[in-house]
Amino acid sequence: MNTHDGQRRGSKPAHEIKVALIRASIWANQSERGRAWYSVSITRRYRDGDTWKDTASFGRDDLPLVIKAAEMAYAWIWSQLIEERERDDVRA
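Residues numbered from 1 in each chain as written. Predicted model: local features only at pLDDT ≥ 70, side-chain atom pairs only at ≥ 80, totals over all residues. Heavy atoms only, no water.

Participant: I would appreciate a short explanation of a nonpolar patch on the surface in the present structure.
Facilitator: Taken together, Y74, W78 and I82 make up a surface patch of nonpolar side chains, about 330 Å² in accessible area. Following the sequence through the fold, W78 ends up in helix α2 (residues 63-91). Assessed through its relative accessible area of 36%, W78 is described here as partly exposed. (Patch = residues over 30% accessible without salt bridge, like charges linked within 9 Å, V, L, I, M, F, W, Y side chains within 5 Å. Areas by Shrake-Rupley, 256 points an atom, 1.4 Å probe, with all protein chains shown as cover. Salt bridge = Lys/Arg side-chain N within 4 Å of Asp/Glu carboxyl O. Helix = DSSP H or I, 4+ residues; strand = E, 2+ residues; numbered from the N terminus. Buried < 20%, exposed > 50% of the residue type's maximum accessible area, 1.4 Å probe, protein only.)

Participant: Teacher, can you tell me more about the environment of A20 here?
Facilitator: Structurally, A20 can be placed in the loop between β1 (15-19) and β2 (22-30). Residues A20 and A69, spaced 49 residues apart in sequence, show a C-alpha to C-alpha distance of 9.6 Å.

Participant: Help me understand the pairing of β2 in this model?
Facilitator: One face of the sheet, then the other: side chains in a regular strand alternate in exactly this way. Among the nine residues that make up β2, seven are buried, leaving the element largely enclosed by the rest of the structure. The sheet contact formed by β1 and β2 spans five bridges and is antiparallel. Among the inter-strand pairings, E16 is bridged to a residue of β2, identified as S25. Hairpin connection, β1 to β2: the antiparallel pair is bridged by two residues, and A20 has positive phi, about 55 degrees. Relative to strand β3 (residues 36-48), β2 is paired through nine bridges, and the arrangement is antiparallel. Following the sheet pairing, A24 is matched in β3 by I42. Counted between consecutive antiparallel strands, the loop separating β2 from β3 contains five residues, among which G34 sits at a positive phi close to 85 degrees. (Pairing = 2+ DSSP bridges.)

In structure tokens form, the structure reads like this:
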């Protein structure tokens with residue numbers, strides 16, 4: 001069975017990227033064969049009175065920041081996959 005998104009289990013993301021009020025949370029998952037795969041959720045923080053909340057809705061001016069956070073998440077995931085492959089090569 002695949003281990004799904006830690007977000008649903010209440011665990012912490014493997015990595016978070018913050019660009020202003022935009023946050024990309026990267027969730028590590030594991031296949032039946034033990035290989036890592038990642039999913040990303042992107043949210044925007046906003047203040048409701050004295051409370052900070054998150055939303056997955058973005059305004060026009062948020063979009064460049066969403067793009068930047070997504071690009072940074074993509075780069076981080078690739079770096080993790082490269083490190084995993086290098087560890088596998090050392091073991092072989």
